[in-house]
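# What the coordinates show
Residues per chain are reported as follows:
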Amino acid sequence: MFLDVLVDAGKDTLKIIPFLFLTYLLMEVIEHRTGEKAKNLIKKSGRFGPFFGAAIGAVPQCGFSAAASGLYAGRIITVGTLMAVYLSTSDEMLPIFLSEQVPAPVILKVLGLKAAIGMLVGFMLDFGVKVFYKNKPHSKEIEIGHLCEHDKCHCDEEGILKSALHHTLKITVFLFLVSFVLGLVIAFVGEDTLSGFITNKPIIGEFIAGLIGLIPNCAASVVITQLYLEGALSFGGMMSGLLVGAGIGLLVLFKINGNMKKNFQIVGILYGFGVIFGILIELLHISV
C-alpha cells in the first residue's frame, strides 16, 4: 500500500510539472521582458477571463487549476477567472466516464454544465469585486516581481529560465509531499468509508460531497464519480463534489499566495457555490 501511494503521488505530481514550469516561465517573462503597459493590458483583458477560464478548465487536465493558481498569485488573472477554472475542472471524472463507457452526449453535458456554472460564477465575482473595491485599496498579494523574495531564493538574480525552473522544483517537491501524505490518509481511511458518508443522503449529501471534493487528491473525484455511476449518489450530489474539486490547484494557491485570509475566502466561495448549484440541480430535477 505504501508503495502504491508513493507511485500514485509521483504520477499525479509529474503530470502537472509542465503546467507549473510554463506558468512560472510566463510570469518571469512578463516581469522581466515587458513594461507596465503590457501588464496592464493583460489585467484589463481579465474582463473576458471567466469565459476563457471556464473553457480551458473543462479540458480534462488538473494542471490547468495549478497554473491558474500561480497566475492569480501573480496578479495576472482575476479571482473570477480563477474560480471559473476551479469550478469547471473535472480531474478524474472524464477517465472514469470513458472507462465505464458513459455515452458521449452525457459526458459533454456534464462538462458543459460545469463550464457554464464556472463562467457564470466567475463573471459574478469579478463584477462584485469591481463594485466593492471601486474606491478601496486592494489587499496585498504576491506580485510577480516578489516571487523570489517570497521564496527567499534570490533566483531573480539568475536568468528567466533558471528562475522558472527553481520555482517549479520547489513547488513540485511541496506538492509531492502533500499528495503522498494525503494518499496515505485516504488509503488508511478507505474509499468505502468516504463513500459511506454521502451515499443516498438528500441535500446533506451535497454538503458532504462538497467537503470530500475539497480534498486535493484524485481519490475524491474517483469516489464521487463512481458513487454516481453506481446509483448511490444523485446527479446533484455528484455535481457538488465535482464543482468543488479543484484538484491540486488549492495546494498551489496556499503555497504561493501570501494572503491566507483571501485563500480561505476563495475556498469558502468555491465550496459555497459548488453546494448551492448541486442543491439547485437536485431541486430542479436536472439530469443528463
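Residues numbered from 1 in each chain as written. Predicted model: local features only at pLDDT ≥ 70, side-chain atom pairs only at ≥ 80, totals over all residues. Heavy atoms only, no water.

Time to look at unusual backbone geometry. In this structure, Q101 is a non-glycine residue whose phi angle is positive, near 55°. Locating Q101 in the fold gives a position in the loop between α6 (93–99) and α7 (104–132). We classify Q101 as exposed; its relative accessible area is 70%. (Helix = DSSP H or I, 4+ residues; strand = E, 2+ residues; numbered from the N terminus. Buried < 20%, exposed > 50% of the residue type's maximum accessible area, 1.4 Å probe, protein only.)

Tracing the backbone shows L108 in helix α7. Residues L108 and V288 lie 180 residues apart in sequence; the distance between their C-alpha atoms is 9.7 Å.

Quick look at the confidence of the model for the protein now. Overall, the predicted model of the protein reaches an average pLDDT of 79, with 77% of residues at or above 70. Confidence, expressed as mean pLDDT per element, reaches its minimum in the protein at helix α8 (residues 147–151) with 53 and its maximum at helix α15 (residues 260–283) with 94. (pLDDT = per-residue confidence, 0-100.)

A separate point is the environment of V267. Looking at where V267 falls in the secondary structure, it is placed in helix α15. Separated by 23 residues in the primary sequence, V267 and V244 have C-alpha atoms spaced 8.7 Å apart. Beyond its immediate sequence surroundings of up to four residues, V267 is in contact with L214, L250 and F254. (Contact = heavy atoms within 4.5 Å.)

Their axes nearest at 7 Å, the elements helix α3 (residues 49–57) and helix α5 (residues 79–88) cross at an angle of 25°. Taken as axis vectors, α3 and α5 run roughly parallel relative to one another. By crossing handedness, the relation of α3 to α5 is classed as right-handed. Residues G49, P50, G53, A54 and G57 of α3 touch α5, and the partners they reach there are G80, T81, A84, V85 and S88. Of the residues in the contact of α3 with α5, the class split is four nonpolar, six polar and no charged. (Axes fitted to C-alpha atoms, helices over the stretch in contact; angles between N-to-C directions. Parallel < 35°, antiparallel > 145°, perpendicular 65-115°, else oblique. Left-handed = near helix turned anticlockwise from the far one by under 90°. Nonpolar A, V, L, I, M, F, W, Y, C, P; charged D, E, K, R; others polar.)

A word on the side chain of D126. Topologically, D126 is positioned in helix α7. Side chain to side chain, D126 and T78 meet in a polar contact 2.8 Å long. Of note is the side chain of D126, whose polar atom sits 2.9 Å from the backbone nitrogen of G80. (Polar contact = N/O pair within 3.5 Å; in protein donor to acceptor, adjacent residues only side chain to side chain.)

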